[in-house]
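# Summary of structural features
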Amino acid sequence: MNLLFDDSEKTVFGCVLINNLQLQQVNKVRTLPENRKTHTYTVLMMVNPLALLVGLTILLDPLSIMVDGLGVNWGTMATHKLPPKTVVQMLKDNNINKVKLFDADETTMGALAGSGLEVMVAIPNDQLKVMGSYDRAKDWVRKNVTRYNFNGGVNITFVAVGNEPFLKSYNGTFINLTFPALQNIQNALNEAGLGNTVKATVPLNADVYDSPVSDPVPSAGRFRPDILGQMTQIVDFLGKNNAPITINIYPFLSLYGNDDFPINYAFFDGAQPIDDHGVSYTNVFDANFDTLVSSLKAVGHGDMPIIVGEVGWPTEGDKHANNGEAYRFYNGLLPRLGTNKGTPLRPTYIEVYLFGLLDEDAKSIAPGAFERHWGLFRFDGQPKFPLDLSGQGQNKLLIGARNVTYLPNKWCMFNPNAKDLTKLAQNIDFACTFSDCTALGYGSSCNGLDANGNASYAFNMYFQVKNQDEEACIFQGLATVTTQNISQGQCDFPVQIVASSSSYVSFSLVWLVAEVLLVLMF
């Protein structure tokens with residue numbers, strides 16, 4: 001598997017057409033009663049002063065409570081990872097008590113042990129084929145679930161079997177591998193005596209369902225004809241085991257590359273209602289989620305529990321990917337979760353995992369430059385913008401990672417004394433191939449730099465990825481090291497964090513390939 005490829009890539013698929021407006025399928029969320037604050041205060045007035053004090057503390061500090069059932073995705077496709085224990089502490093500091101992983105890495109699981117966090121572990125797509133063997137599935141469950149099932153261990157609640165395996169871009173690679181793997185994993189959990197508390201599910205992209213062109217509304221939603229058989233098998237099996245279906249929905253993708261999409265429908269404020277046979281929809285999130293509800297109903301499982309496995313908004317890499325629009329999206333989403341409003345077809349509790357926790361600078365950008373910037377937190381665990389995870393609208397910065405160790409305050413910049421610029425473009429291309437230059441793209445925070453600024457940004461990103469090795473800031477005499485911060489306006493020239501040992505091991509092969517290509521290039 002390519003070290004720079006991440007199965008969690010999003011792809012723009014499965015549009016719902018409503019009143020001839022293309023609405024990318026979206027997702028839904030879970031919440032608490034709108035009047036929780038008032039009820040809490042009223043009850044506390046009737047009890048002892050200590051309880052009143054505790055209750056008032058909770059009310060005054062939104063971070064001390066959370067939208068019920070809210071979790072977050074913790075991806076680790078980064079060149080410099082925060083220590084897992086640091087991340088777990090950050091989750092606890094922000095009262096995030098559910099986390100969804102994309103593997104079952106031992107170091108991550110060790111950090112989660114004893115934390116009390118509810119955990120969804122995962123089997124990557126490239127392991128689905130071997131999970132077709134029941135013995136291999138039993139072995140996986142023993143090593144990655146049963147092993148942690150002890151007092152003070154890891155509170156595993158779900159196993160994600162694959163990740164968006166039916167994406168059209170996979171050209172059917174995993175279509176016939178997913179159900180056998182799901183079946184074997186759940187049966188292995190059942191055999192191990194864990195089936196009542198740990199459920200297997202398949203996180204799916206919203207392209208698995210759609211509405212027909214002849215009736216392009218959520219109530220007409222159906223699973224894709226080419227996978228109807230497989231989806232029916234999966235849903236029947238999930239129902240038999242009292243397990244939920246998991247869906248990933250991204251309103252952002254409605255806007256990405258589609259200037260004709262009505263922007264307000266991607267958010268939760270101000271859109272004109274769209275009618276579905278008497279049912280009004282004011283946002284693509286609700287429309288998408290209810291398309292799934294209708295699709296489930298069509299195969300006899302209209303009441304199946306639904307987990308929103310991923311929903312979020314990126315902050316870099318596109319004209320609509322920025323802190324302002326991410327803030328707008330979350331400030332519509334979280335209050336809805338806080339009121340338990342639901343959607344027209346499913347006005348009830350739904351478990352939701354925000355995507356994602358941290359930016360990941362080593363993810364593939366094949367779907368778009370935004371792929372590396374879904375985090376609520378930057379790569380170094382520092383919050384990007386104010387939020388209120390309780391859904392009460394009392395926004396303030398989340399609590400960042402503690403005791404983060406950075407590399408020295410050194411940057412790599414374009415050498416103003418360079419004479420031969422004939423290979424400047426070639427060197428910039430090389431730097432950006434092996435680092436993250438997505439902030440230079442159209443609509444991004446560093447898009448306004450001049451030619452020298454672009455070169456400096458590219459050189460510095462590579463320099464930081466290489467742990468500030470001065471040999472990584474030569475570029476045939478085109479670059480030089482400086483101790484002066486060369487950030488410009490809203491364009492931040494970052495200093496990397498000290499990589500954890502797992503970061504070094506995970507990407508050592510990438511560095512080897514980079515060095516070989518460097519020799520071949522020059």
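Our structure's up above, just so we're on the same page.
A quick note: this is a predicted structure, and the numbers were derived from the prediction, not measured.

## What about the overall build of the protein?
Secondary structure summary: the protein contains 13 helices and 17 strands in total. Each of the 522 residues in the protein was classed as buried or not, and the buried ones make up 57%. Long-range contacts, defined here as pairs at least 24 residues apart, represent 75% of the contacts in the protein between residues at least 6 apart. As presented, the protein carries roughly 21400 Å² of accessible surface, and 53% of it is formed by carbon and sulfur atoms.

## Considering the side chain of Asn283
Inspection of the secondary structure puts Asn283 in the loop between strand E13 (279-281) and helix H9 (284-298). Judged by its relative accessible area of 2%, Asn283 falls in the buried class. Within the structure, the side chain of Asn283 is placed 3.1 Å from the backbone nitrogen of Phe285, a separation counted as a polar contact. A distance of 2.7 Å separates the side chain of Asn283 from the backbone nitrogen of Asp286, its partner in a polar contact. When near neighbours in sequence (up to four residues on either side) are disregarded, Asn283 contacts Tyr265, Phe267, Phe268 and Arg336.

## With respect to empty space enclosed by the protein
The tally for this structure, following the rule as stated, stands at four cavities of 30 Å³ or more. In this model, the second largest cavity occupies a volume close to 70 Å³. As for the second largest cavity, its lining consists of 12 residues, and the residues nearest its centre are Phe102, Ala122, Ile123, Gly162 and Asn163. Counted by class, the lining of the second largest cavity contains seven nonpolar, three polar and two charged residues.

## Some details on the packing of helix H11 (residues 424-433) against helix H12 (residues 451-465)
Running from N to C, H11 and H12 point in directions that differ by 40°, and their axes come no closer than 8 Å. One way to sum up the angle between H11 and H12 is to call them oblique. Note that H11 runs across H12; the crossing there is left-handed. Residue-level inspection shows Leu424, Asn427, Ile428, Phe430, Ala431 and Cys432 of H11 in contact with H12, the latter providing Ala455, Ala458, Phe459 and Tyr462. Of the residues in the contact of H11 with H12, the class split is nine nonpolar, one polar and no charged.

## Focus: the state of the cysteines
Throughout the structure, instances matching the rule amount to three disulfides. A sulfur-sulfur separation of 2.0 Å characterises the disulfide bridge that pairs Cys446 with Cys491. Disulfide Cys446 to Cys491: torsion about the S-S bond roughly 95°, handedness right-handed. Here the residue Cys446 occupies a position in the loop between H11 and H12, and Cys491 occupies one in the loop between strand E17 (479-482) and helix H13 (501-521), the gap between them amounting to 45 residues. Residue Cys446 shares its accessibility class with Cys491, and that shared class is buried. Once the bonded cysteines of the protein are numbered in order along the sequence, the disulfide links fall as 1-5, 2-3, 4-6.

## Examining the packing of aromatic side chains
All told, the structure shown has 24 aromatic pairs when counted by the stated rule. Between Phe179 and Phe237 the ring centres are 5.8 Å apart and the planes differ by 85°, which places this aromatic pair in the edge-to-face class. Of this pair, Phe179 sits in helix H6 (residues 178-191) while Phe237 sits in helix H7 (residues 228-240), placing them 58 residues apart in sequence. Positioned above the aromatic ring of Phe267 is the side chain of Arg328, whose terminal nitrogen or guanidinium carbon lies 4.0 Å from the ring centre.

## Focus: the layout of surface pockets
Here the second largest pocket is characterised by a volume of approximately 640 Å³. Ranked by the residues each element gives to the lining of the second largest pocket, the list is headed by H12, at four residues. Here the residues of the lining of the second largest pocket are counted per class, giving nine nonpolar, 10 polar and nine charged.

## Some words on the environment of Met131
Mapped onto the fold, Met131 is located in the loop between strand E5 (118-123) and helix H5 (134-144). Assessed through its relative accessible area of 3%, Met131 is described here as buried. As for Met131 and Thr178, which are separated by 47 residues in sequence, their C-alpha atoms are 8.8 Å apart. With residues up to four places along the chain from it excluded, the contact list for Met131 reads Ile123, Arg136, Ala137, Trp140, Pro180, Ala181, Asn184 and Ile185.

## Thoughts on unusual backbone geometry
A cis amide bond links Phe355 to the next residue, Gly356, at an omega of -5°. By secondary structure assignment, the location of Gly356 is in the loop between strand E15 (351-354) and strand E16 (411-414). Positive phi, close to 55°, is recorded for Asn242, a residue that is not glycine. Here Asn242 shows up in the loop between H7 and strand E11 (245-248). Despite not being glycine, Gln468 has its phi angle at roughly 60°, a positive value.

Conventions we followed
- Residues numbered from 1 in each chain as written.
- Predicted model: local features only at pLDDT ≥ 70, side-chain atom pairs only at ≥ 80, totals over all residues.
- Heavy atoms only, no water.
- Helix = DSSP H or I, 4+ residues; strand = E, 2+ residues; numbered from the N terminus.
- Buried < 20%, exposed > 50% of the residue type's maximum accessible area, 1.4 Å probe, protein only.
- Contact = heavy atoms within 4.5 Å.
- Areas by Shrake-Rupley, 256 points an atom, 1.4 Å probe, with all protein chains shown as cover.
- Polar contact = N/O pair within 3.5 Å; in protein donor to acceptor, adjacent residues only side chain to side chain.
- 1 Å grid on protein atoms, 1.4 Å probe; cavity = no way out; pocket = protein on both sides within 12 Å on 5 of 7 lines; lining within 4 Å.
- Points joined across faces, edges and corners; volume = space filled by probe spheres on them.
- Nonpolar A, V, L, I, M, F, W, Y, C, P; charged D, E, K, R; others polar.
- Axes fitted to C-alpha atoms, helices over the stretch in contact; angles between N-to-C directions.
- Parallel < 35°, antiparallel > 145°, perpendicular 65-115°, else oblique.
- Left-handed = near helix turned anticlockwise from the far one by under 90°.
- Disulfide = S-S within 2.5 Å.
- Phe/Tyr/Trp six-rings, centres within 6.5 Å; stacked < 30°, edge-to-face > 60°.
- Lys NZ or Arg CZ within 6 Å of the ring centre and 35° of its normal.

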